[in-house]
Amino acid sequence: MTKRYDALIIGGGHNGLVCAFYLARAGLKVRVLERRGVVGGAAVTEEFAPGFRNSTASYTVSLLRPKVIADMKLHARGYRVIERTISNFFPYPDTYLTLGGGVERTQAQFARFSKKDAAAYPAYDAALEKVAQVLRDIALKTPPNLGGGVHALLAAAQQGWPIGRLERSVQRDLLDIFTKSARDFLSGWFEDDHVQAAFGFDAVVGNYAGVSTPGSAYVLLHHVFGEVNGKFGAWGHAVGGMGAITQAMAAACLEQGVEISLEAAVAKVLVDGGKAAGVRLASGEEIAAKIVAANVGPALLYRQLVDQADMDDDFRKRIAGYKTGSGTFRMNVALSELPDFTVLPGTQTAEHHTAGIIIAPGMDYMDQAYIDAQQFGWSRKPIVEMKLPTTVDDSLAPPGMHIASLFCQQFDPKLDWDLHREAVANLIVETVTDHAPNFKASIVARQIHSPLDLERKFGLIGGDIFHGHMGLDQLWAARPVLGHGDYRGPIKGLYMCGSGTHPGGGVTGAPGHNAAHEILRDSGPMRRWRRR
Ligand SMILES: Cc1cc2nc3c(=O)[nH]c(=O)nc-3n(C[C@H](O)[C@H](O)[C@H](O)COP(=O)(O)OP(=O)(O)OC[C@H]3O[C@@H](n4cnc5c(N)ncnc54)[C@H](O)[C@@H]3O)c2cc1C
């Protein structure tokens, strides 16, 4: 054993950094151990081709909790988010739809397809916002550890009480959204397929499921509980890419005295007498600490880094059955010019180029993509979202050149992607080219992340962008496993602080924040939490 620390964090993803920050701020001696040569995990900016940089995995920001932004003083460290004037652009073969830019503008767009849906939109927006507020309110609260004594009962009452006091209609919406499919939920509000699909798309992002799969409505909600520059539900572009956020977080950590080690892969969590004792690195070096917090997902932690003999049978069985694999395919491409859409021509930057460009032209299209993926590995008509960051941020590519982030859903996580990676990348390019004929020829370089590449590069088991499926059976007090929803696993002193815990995936900072709170609750007086 070498040097001693109070706490070790396995992984320097954004949640690991947030956790490290709060622990160090409270006076603990903390070391972050990151496997890669860069901190940030799935929130990084990297050069993917000479002269072209991009957020290589996650690429758009909304869910990051304002408290975390303020506590880590991220604005003073360069954190700046550019809002988009419209959120989405949906090209179809002979027309298009845009979403965002204000309620009236969206209503005018919907009216082209259904006057009834245009009229229904303000009430839908208001109802969703009320339900999203429930999520916002509990994001920074530790779920009750059901069966965990008085403290758990109190936490359950504290979090259940405000829900009990909501208007009956909001309670009903809340129940619908946690249990129904996106299709059932949305068809209760809207009649037109284009309109339903415009919202339904959020339900399949990072969700290996169809819009008709029960529970898929929740993922839709998960994408709207954020805010940008005080605007609820908005998404924006972090200037400099997502890595600008995590570099700012790393700077906040260093200021608090956190030690950050890169290329320091953890091979094993050391356990002594049922308690965490430290870690062994892949290099063989052993580092002692009584507190170990895992930023890696529960599947990676408990299936690979913890000795199976250190867990009881039931927990081992639950973790073996933990669902992970979001069926996501992610590409970055360098472009010589912007896509020239048939339905909205032009290669000069226009409003639709700055939006999320979504090819998912109907609810059946999305269901079929999931069915195809289960049968054939992927759909010949894939669901594609494309963002063009250089239309709002010229720091990422050489002058006059562009980059695109392509985020595509419903690709079987279990397939041997070494055999199919290139073919699927070509299909995705063709799919965009069907709508923007200059696209294929404008590509000067590309980087491909199949589900397998996401696992190899970022440590996301099954390529799961959320560290685990976001369904009712793996949410809140049941994330990752019922009885361990409070950031504590079965081994004393070994905590979880990543997206596999409440409130789940996305660049939120919430799991890191909440885990630090619980660690400090166990390890010292709570006044440490409040120390500045
Ligand atoms: C393709 C993709 C697109 C996404 N798009 C968005 C988006 O636009 N907006 C959004 O909000 N969210 C998005 N997400 C989700 C979001 O990025 C993640 O949920 C979030 O970044 C996870 O953060 P984390 O800190 O919990 O874990 P991670 O970022 O996964 O960090 C875990 C860290 O642990 C490290 N590690 C792994 N194994 C070891 C080991 N053995 N030893 C030491 N370190 C190890 C990893 O290298 C990594 O740095 C996306 C994710 C992906 C993959």
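The shown structure was predicted, so the numbers you read here are calculated from the model rather than taken from an experiment.

### A look at the environment of Glu-263
And step 1. By the element assignment, Glu-263 lies in the loop between strand 11 (259–261) and strand 12 (266–272).
And step 2. Distance from Glu-263 to Ala-309, taken between C-alpha atoms, is 28 Å for residues 46 residues apart in sequence.
And step 3. If near-sequence neighbours (up to four positions away) are discounted, Glu-263 is found in contact with Glu-34, Arg-35, Arg-36 and Gly-37.

### Notes on the sheet that holds strand 12
And step 1. Spatially, 3 strands are ordered 12-13-14 in an open sheet, and the strand pairing comes out antiparallel. The sheet terminates laterally at strand 12 and strand 14 (286–288), the two strands that pair on one side only. Sheet twist, expressed as the mean angle between neighbouring strand axes with direction ignored, is 30°.
And step 2. One ladder, built from 6 bridges, connects strand 12 with strand 13 (residues 275–281); its direction is antiparallel. Considered in strand 13, the bridge of Val-271 is made with Ala-276.

### Side note on the environment of Gly-274
And step 1. Note that Gly-274 resides in the loop between strand 12 and strand 13.
And step 2. Beyond its immediate sequence surroundings of up to four residues, Gly-274 is in contact with Ile-491 and Lys-492.

### With respect to the packing of helix 11 (residues 298–305) against helix 12 (residues 313–320)
And step 1. Their axes nearest at 10 Å, the elements helix 11 and helix 12 cross at an angle of 125°. By the criterion of interaxial angle, the relationship of helix 11 to helix 12 is oblique. Regarding helix 11 and helix 12, the two cross each other, and that crossing is left-handed. Counting all contacts with helix 11, which are made through Pro-298, Tyr-302 and Arg-303, the residues of helix 12 involved are Phe-315, Ile-319 and Ala-320.
And step 2. Split into classes, the residues belonging to the contact of helix 11 with helix 12 amount to 5 nonpolar, no polar and 1 charged.

### Side note on a positive patch on the surface
And step 1. A surface patch of positive charge is lined by Arg-4, Lys-275, Lys-290 and Lys-492.
And step 2. Tracing the sequence through the fold places Lys-275 in strand 13.

### So, empty space enclosed by the protein
And step 1. What the rule picks out here adds up to 1 cavity of 30 Å³ or more.
And step 2. Space inside the largest cavity adds up to approximately 60 Å³.
And step 3. Lining the largest cavity are Gly-297, Pro-298, Ala-299, Leu-300, Tyr-322, Thr-324, Gly-459, Leu-460, Ile-461, Asp-464 and His-467.
And step 4. Counted by class, the lining of the largest cavity contains 6 nonpolar, 4 polar and 1 charged residues.

### Re the domain arrangement of the protein
And step 1. Domain assignment breaks the protein into domain 1 (7–43 + 65–81 + 239–322 + 468–530), domain 2 (85–234) and domain 3 (325–461).
And step 2. Placing a centre on the C-alpha atoms of domain 2 and another on those of domain 3 gives a separation of 24 Å.
And step 3. On the domain 3 side, the residues contacting the 31 residues of domain 2 number 34 residues.
And step 4. Buried surface at the junction of domain 2 and domain 3, summed over both partners, amounts to about 2,700 Å²; 64% is from carbon and sulfur atoms.

### So, the packing of aromatic side chains
And step 1. If you walk through the whole model with that rule in mind, you get 22 aromatic pairs.
And step 2. Judged by centre distance (5.5 Å) and plane angle (75°), the ring pair of Tyr-124 and Trp-189 falls under edge-to-face. Placement of Tyr-124 in helix 4 (residues 115–139) and of Trp-189 in the loop between helix 7 (182–187) and helix 8 (193–204) is noted, with a sequence separation of 65 residues between them.
And step 3. You can call Trp-189 partly exposed: its relative accessible area is 24%.
And step 4. With centroids separated by 5.2 Å and ring planes inclined at 90°, the aromatic side chains of Tyr-208 and Tyr-370 adopt a geometry described as edge-to-face. Here Tyr-208, found in the loop between helix 8 and helix 9 (216–222), pairs with Tyr-370, found in helix 14 (residues 363–376); they are 162 residues apart in sequence, far enough to count as distant.
And step 5. Taken together, Phe-110, Tyr-121, Tyr-124, Phe-185, Trp-189, Phe-190 and Phe-199 form an aromatic cluster joined through their ring pairs.
And step 6. One Lys or Arg, Arg-112, reaches over the ring of Tyr-96 and ends 5.4 Å from the middle of that ring.

Calculation rules
Residues numbered from 1 in each chain as written. Predicted model: local features only at pLDDT ≥ 70, side-chain atom pairs only at ≥ 80, totals over all residues. Heavy atoms only, no water. Helix = DSSP H or I, 4+ residues; strand = E, 2+ residues; numbered from the N terminus. Contact = heavy atoms within 4.5 Å. Pairing = 2+ DSSP bridges. Axes fitted to C-alpha atoms, helices over the stretch in contact; angles between N-to-C directions. Parallel < 35°, antiparallel > 145°, perpendicular 65-115°, else oblique. Left-handed = near helix turned anticlockwise from the far one by under 90°. Nonpolar A, V, L, I, M, F, W, Y, C, P; charged D, E, K, R; others polar. Patch = residues over 30% accessible without salt bridge, like charges linked within 9 Å, V, L, I, M, F, W, Y side chains within 5 Å. Areas by Shrake-Rupley, 256 points an atom, 1.4 Å probe, with all protein chains shown as cover. Salt bridge = Lys/Arg side-chain N within 4 Å of Asp/Glu carboxyl O. Lys, Arg positive; Asp, Glu negative; His and termini not counted. Charge placed at Lys NZ, Arg CZ, Asp CG, Glu CD. 1 Å grid on protein atoms, 1.4 Å probe; cavity = no way out; pocket = protein on both sides within 12 Å on 5 of 7 lines; lining within 4 Å. Points joined across faces, edges and corners; volume = space filled by probe spheres on them. Domains from an automatic or database assignment. Buried area = accessible area lost by both parts, 1.4 Å probe. Phe/Tyr/Trp six-rings, centres within 6.5 Å; stacked < 30°, edge-to-face > 60°. Buried < 20%, exposed > 50% of the residue type's maximum accessible area, 1.4 Å probe, protein only. Lys NZ or Arg CZ within 6 Å of the ring centre and 35° of its normal.

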